[in-house]
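Survey of secondary and tertiary structure
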Amino acid sequence: MTNYLNRGFDQAEFENRTARAQKIMHENKLDAMIFTTEPNVRYFTGFHTQFWHSPTRPWFVVIPAEGKPIAIIPEIGASGMAGTWVENIITWPSPRPEDDGISLVASTLNSLPCRYGRVGATLGIESHLRMPINNYLKLTTMVKKDFVDVSLAMHELRQIKSQAEIEKTREICRITNVGFKKIPEYAKAGMTEREICKQFRIDMLLEGADECPYIIAGSGPDGYDSIIMGPTDRAIELGDVLIIDTGAVRDGYFSDFDRNWAFGYASEQTKAAYRATYEATTKGFEAAKPGATTTDIYNAMWGVLEANGALGNDVGRLGHGLGMELTERPSNTATDNTVLKPGMVMTLEPGMVYAPGKSMVHEENIVITEDGAEWLSERAEPELIIID
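A quick note: this is a predicted structure, and the numbers were derived from the prediction, not measured.

Glancing now at the UniProt feature "domain: Creatinase N-terminal" (unreviewed entry) in the protein. Those residues carrying the UniProt feature "domain: Creatinase N-terminal" (unreviewed entry) are residues 17-160 in this numbering. Note that residues 17-160 is 37% helix and 19% strand, and that its end C-alpha atoms are spaced 10 Å apart.

Moving on to the pairing of strand 16 (residues 364-368). Within strand 16, 5 of the 5 residues are buried, leaving the element largely enclosed by the surrounding structure. Taking every second residue as pointing to the same face, both faces of strand 16 are buried, with Glu364, Ile366 and Ile368 on one and Asn365 and Val367 on the other. Across 3 bridges, the pairing between strand 16 and strand 17 (residues 373-375) is antiparallel. Across the sheet, the residue bridging to Ile366 is Trp375, located in strand 17.

Once that is clear, we can look at the packing of helix 4 (residues 102-111) against helix 5 (residues 133-142). Where helix 4 meets helix 5, the closest approach of the two axes is 10 Å, and the angle between their N-to-C directions is 35°. Considering only the axes of helix 4 and helix 5, their crossing is right-handed. Together, Ile102, Ser103, Val105, Ala106 and Asn110 of helix 4 and Asn135, Leu139 and Met142 of helix 5 make up the contact between the two elements. Each residue belonging to the contact of helix 4 with helix 5 can be placed in one class, and the counts come to 5 nonpolar, 3 polar and no charged.

Glancing now at the UniProt feature "domain: Peptidase M24" (unreviewed entry) in the protein. UniProt marks residues 167-370 with the feature "domain: Peptidase M24" (unreviewed entry), using the numbering shown here. Each end of residues 167-370 is marked by a C-alpha atom, and these two atoms are 16 Å apart; helix forms 34% of the span and strand 27%.

The buried fraction of strand 14 (residues 351-355) amounts to 5 of the 5 residues, a majority that puts the element mostly inside the structure. The pairing of strand 14 with strand 15 (residues 358-361) spans 4 bridges and is classified as antiparallel. The residue of strand 15 that forms the bridge with Ala355 is Lys358.

What follows deals with the packing of aromatic side chains. Taken as a whole and judged by the stated rule, the model has 14 aromatic pairs. Ring geometry for Tyr43 against Phe44: centres 5.2 Å apart, planes inclined by 85°, an arrangement best described as edge-to-face. By the burial criterion, Tyr43 is buried, and Phe44 matches it. A centroid spacing of 6.2 Å and a plane angle of 35° characterise the contact between Phe60 and Trp92, whose relative ring orientation is tilted. In this pair, Phe60 is assigned in strand 2 (residues 60-64) and Trp92 in strand 4 (residues 88-92), connecting sequence segments 32 residues apart. Within the aromatic cluster, the residues linked to one another by ring pairs are Phe9, Phe14, Trp85 and Tyr253. The cationic tip of Arg17 hangs over the ring face of Tyr43; the distance from NZ or CZ to the ring centre is 4.3 Å.

Glancing now at the nonpolar core. Among the nonpolar cores identified, the biggest contains 35 residues, and Tyr224, Ala288, Leu340, Met352, Ile366 and Ile368 are the most heavily contacted of them. Looking at this core, the elements that each hand over two or more residues are strand 8 (240-250), helix 9 (268-287), helix 10 (294-307), strand 13 (345-348), strand 14, strand 15 and strand 16. Per-element tally for this core: the top contributor is helix 10, with 6 residues. Discounting residues that sit within four places of it in the chain, Tyr224 has contacts with Gly218, Ser219, Val241, Ile243, Asn260, Gly357, Lys358, Ser359, Met360 and Val361. Counting 32 residues, the second-largest nonpolar core is a separate cluster that includes Ala187, Ile196, Ile236 and Val367.

Cut-offs used in this document
- Residues numbered from 1 in each chain as written.
- Predicted model: local features only at pLDDT ≥ 70, side-chain atom pairs only at ≥ 80, totals over all residues.
- Heavy atoms only, no water.
- UniProt positions renumbered as here; feature names shortened; annotations may be inferred.
- Helix = DSSP H or I, 4+ residues; strand = E, 2+ residues; numbered from the N terminus.
- Buried < 20%, exposed > 50% of the residue type's maximum accessible area, 1.4 Å probe, protein only.
- Pairing = 2+ DSSP bridges.
- Axes fitted to C-alpha atoms, helices over the stretch in contact; angles between N-to-C directions.
- Left-handed = near helix turned anticlockwise from the far one by under 90°.
- Contact = heavy atoms within 4.5 Å.
- Nonpolar A, V, L, I, M, F, W, Y, C, P; charged D, E, K, R; others polar.
- Phe/Tyr/Trp six-rings, centres within 6.5 Å; stacked < 30°, edge-to-face > 60°.
- Lys NZ or Arg CZ within 6 Å of the ring centre and 35° of its normal.
- Core = buried A, V, L, I, M, F, W, Y, C linked by side-chain atoms within 4.5 Å.

In structure tokens form, the structure reads like this:
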């Protein structure tokens, strides 16, 4: 039996990913696809390193129409890439600004069979090229093929998670839940947002998280007005409401959900707003099933919020995809209309402005199954927790 808590993946995982990518290439008449970002390089190779934090060197992986991925990478990464399933590893002594791998990439792409004369690259929606744009423009003149956008196709490929990916997400959600559950044990009025979040991070690391790169906090008298800033040195006072939202990571996969607390007491209006967002996650979960769409999820959740007096929503969406990145496509919006399929890991993130300058946001993580959805995060309490 596969132990999904083991690090990394079996080779069959990467073989399957590459085969699915090559099917997309055949359907889109492509001779190859080239990838330059950490998630996409890791997705096809298993090359997992913190060295991406250095912006100096570019990294390239080419997926040919047939066969294994080809890595064209700086010499410093050769031994690490050799530990993956990739066999064809081409290197150069980077940094070399005058030719930082570009001629090697061009030579590799030109050497592949030219059936369609097209190379796919992530040029569009929710993507970027992790290389100097001048180098990309030069590359397009050196390669005897046209470059076309495959960003949407790549998003769709990565949206469907394998069971191993789902279990990695489930484990980091479990770890995150442990951290959240401990907060009422130590958080109290007088502590700062930063102090509470520091202990929260420690607890998640002790429980097994590899890193906690995203921890925000917002607080204020009976409510908060921002969910993307902080934590700050603001001291919590009695009557405050605190939100903490986190994206923790284990083995390269994210959790992404939040929790809310009040200190001492909260108004009935704030408690009602909490109940509304909780009910919205229930309705969103019920709507999340194969064949439905992200817009169905949005409408189910927004209907609850609107019925409970929502003045608006300044987040722009009510959840999104989740996996190797903190946020992935698709988005739960009124117009996204992405069809849900088994294996898609999603966040349900209903939020509303319930009074001027006061928001309530609630988030859970789920996976779409063959006949509905399954919770990956352990649901929050149905009533706002009051910390005495």
